[in-house]
Amino acid sequence: MLVFRKPLEGIERPQMEADVVIVGGGPAGMACALRLSQLIDEHNAKNPDAQLSKENIYVLEKSREIGQHCLSGALLDPRSMRELLPGFEKEAPLDAEVTKEAVYFLTKTGKFKLPITPPPLRDHGNYVISINRFVKWLGSKVEETGITVFTGFAGSELLFDGDRVAGVQTDDKGVDKANQPKSNFEPGYDLKARITILAEGTRGSLTKQLISRFSLDKDRNPQTYGVGVKELWEVPSGRIQAGEVIYTMGWPLTTKEYGGAWIYGSKDNVVSLGFVTGLDYPDPRLDPQRVLQEFKKHPFIASLLEGGKMIRYGAKSLPYGGWWAVPPLAGDGWMILGDSAGLLNSQRLKGIHLAIKSGMLAAETAFEALTKGDASAATLAGFQKRVDSSWIKDELWKVRNFHQGFEHGFWTGMFHAGIQQFTGGRGLRDRYPGKAGYQLMKPLADLPANGGDEAHLLGPYKGNGKLTFDKLTDLYHSGTKHEEDQPSHLIIHDTNICEQRCIKEFGSPCQNFCPANVYEMMDDSAAPNGKRISLNPSNCVHCKTCDIQDPYQIITWVPPEGGGGPNYDGM
Ligand SMILES: Cc1cc2nc3c(=O)[nH]c(=O)nc-3n(C[C@H](O)[C@H](O)[C@H](O)COP(=O)(O)OP(=O)(O)OC[C@H]3O[C@@H](n4cnc5c(N)ncnc54)[C@H](O)[C@@H]3O)c2cc1C
Ligand code: SF4
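Residues numbered from 1 in each chain as written. Chains lettered and ligands numbered in written order. Predicted model: local features only at pLDDT ≥ 70, side-chain atom pairs only at ≥ 80, totals over all residues. Heavy atoms only, no water.

(A) Fine view of the side chain of H456. Its location among the elements puts H456 in the loop between α11 (410-422) and α12 (471-476). Dropping the residues within four chain positions of it, H456 is found in contact with W251, P252, T254, R290 and E294. (Helix = DSSP H or I, 4+ residues; strand = E, 2+ residues; numbered from the N terminus. Contact = heavy atoms within 4.5 Å.)

This is the structure:
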């Protein structure tokens, strides 16, 4: 029987008081901690009699080591880092500066190079980085300031005091598969914080609780997402130069799906390549891991990788909805940053610089609240004002309608993108509406049984073991690992829907969209349609796709026991 993770009841939890708790140690959370420390240092130097302490400022990070759960392309636009740490280039782990870029439109076997690179995809001066190493370095800067980073600790629940967010509860450790304490049980902490900052990245689990409790998504466009499936390859020298950037559109996607690929040349003949598939595709049989495999079979890509070796794999979702989908950023006792808030420029496939800048602005707001001794909604609303008058808003405003323009396919999307380019992002109307991607998934009855034009994107992929891989082989290269004896952190709120309705209506798409083989429909003659849902939570790479894309919205991802998850390195 499936047992799902939930905080144990009737447990006495250790209490800790905090000034600020930052949940999530990615670019946003780390930049926030670092900027707050800088402001406190400046204040303390000027006010010897009114010192502020950093002792009660904490960053919670669910991965065992800093940066281990981060996954990105990654090209770094250095704008915000230059503001946070002028001269950072001298010491940060930057693999190469971008010196060459190209955009291709692919057909099944052909390719057309765009005569000029569209301005949003010009990357000269940006840096190829590994987000894991970059965040690890940023985290070491935070630790040098005296701020404590608790790794292996997830924020599991928000604590409330009436309608004020009053901190977070961390994960219970040592709970068995039946959700019962084991001999090594350690209850999570109640971290009572004056200010709680959510920097959990895409589809944050606490952020989701907060958005739902206060209906923060009302009057906004629904957030939409893509999922990026990524492999790192070592290739023979001379194939691609360090700092070379290639984007592709078209094949293997058809005009009905949104997405595209990146190829970044890093140092030491390592290539980062991946495919982002918009999580608003119509066919529930589509498998994003398969999309990447089909992409690699294209002659242009296959020749780049020939003789090379795949060394790492991973996947992660990213928010695509743009400015109209950003929720209110602050309230009583709380702020939301980075990808958790949807501050990502999907046209440029870039969010790191925005996440960092949002962290810096949240730190300024938290500093003001600490000095005033007031973390009320009125003071923290300063964060919203700071974002609205910063270059974050300028950048996102220009692409506010970009993704929505593609809701009716590739060609109409290109048409809208063209008009938006000349109207400062407006296009045909000021605010394009949007639908949540899962609502665009069609029932099997409305689709061709043989898959039609999409047949090559559907269902599990076998792979040849050299250029292309099945999911489990790929997954092995993510290094993902969890304590096996714990309840499932993928919560299915009603498994009857899986076994009675979804299997017939959509063909159990969780088996396809999960890039880590977590969901399986197993033969069971006692089940209504001969299959029962089974889970392999230990495979999970924390991409959040299931939480986003399930057509009935009955899956909730919650953090597993802290420390579990992928072991990304160099990604
Ligand atoms: C495939 C892909 C390619 C991309 N390419 C680029 C690119 O080339 N350039 C670019 O600028 N941007 C790119 N992005 C976007 C960029 O990676 C994000 O915008 C950026 O990482 C957001 O930073 P963040 O700190 O908000 O979130 P994250 O980087 O996701 O960090 C969040 C952190 O919080 C932790 N966490 C989450 N929940 C909890 C919890 N409850 N408790 C404790 N810890 C928690 C996570 O483990 C993680 O370490 C890409 C994204 C993807 C998915
Ligand atoms: S179970 Fe969900 S979060 Fe985990 S890898 Fe699969 S789709 Fe991603």
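The rest of the description comes next.
(B) Looking closely at the pairing of strand β2 (residues 57-61). Judged by how many residues are buried, β2 sits mostly within the fold: 5 of 5 residues are covered. Alternating residues of β2 divide into I57, V59 and E61 and Y58 and L60, and every residue in both groups is buried. Alignment of strand β1 (residues 15-23) against β2, held across 4 bridges, turns out to be parallel. Opposite V23, over in β2, you have L60 as the bridge partner. (Buried < 20%, exposed > 50% of the residue type's maximum accessible area, 1.4 Å probe, protein only. Pairing = 2+ DSSP bridges.)

(C) Representation of the side chain of S266. As for its position among the elements, S266 is in the loop between β16 (259-265) and β17 (270-278). For S266, a relative accessible area of 11% translates into the label buried. Side-chain polar atoms of S266 contact the side chain of D95, separated by 3.2 Å. If sequence neighbours within four positions are ignored, S266 has contacts with D95, V128 and A242. (Polar contact = N/O pair within 3.5 Å; in protein donor to acceptor, adjacent residues only side chain to side chain.)

(D) Highlighting the packing of aromatic side chains. Across all of its chains, the model carries 19 aromatic pairs by this definition. Seen from their ring centres, F88 and Y127 are 6.5 Å apart, and the 90° between their planes marks the pair as edge-to-face. With F88 in the loop between α2 (79-84) and β4 (96-97) and Y127 in strand β7 (residues 127-128), the pair connects residues that are 39 residues apart, well separated along the chain. Both residues of the pair, F88 and Y127, count as buried. Ring centres 4.8 Å apart and planes at 50° place the aromatic pair Y104 and F300 in the tilted group. Taken together, the positions of Y104 in strand β5 (residues 100-106) and F300 in helix α6 (residues 299-305) put the pair 196 residues apart, joining distant regions of the chain. No difference in accessibility class separates Y104 from F300, as the two residues are buried. In textbook terms, an aromatic cluster arises when at least three aromatic residues are bridged by ring pairs, as seen for Y58, F150, F153 and Y189. (Phe/Tyr/Trp six-rings, centres within 6.5 Å; stacked < 30°, edge-to-face > 60°.)

(E) Up close: the sheet that holds β5. Strand order in the open sheet formed by 7 strands is β6-β5-β15-β16-β17-β14-β18, with mixed pairing between adjacent strands. Looking at which strands have only one partner, the edges of the open sheet turn out to be β6 (111-113) and β18 (309-319). Each strand of the sheet is rotated relative to its neighbour by a mean of 20°, with strand direction disregarded. Pairing analysis gives 3 bridges linking β5 to β6, with the strands arranged antiparallel. Its bridge partner lying in β6, F105 is registered against F112. Of the strands in this sheet, β5, β14 (225-234), β15 (244-250), β16, β17 and β18 are in contact with helix α5 (residues 288-297), which crosses β14 at around 45°. (Axes fitted to C-alpha atoms, helices over the stretch in contact; angles between N-to-C directions.)

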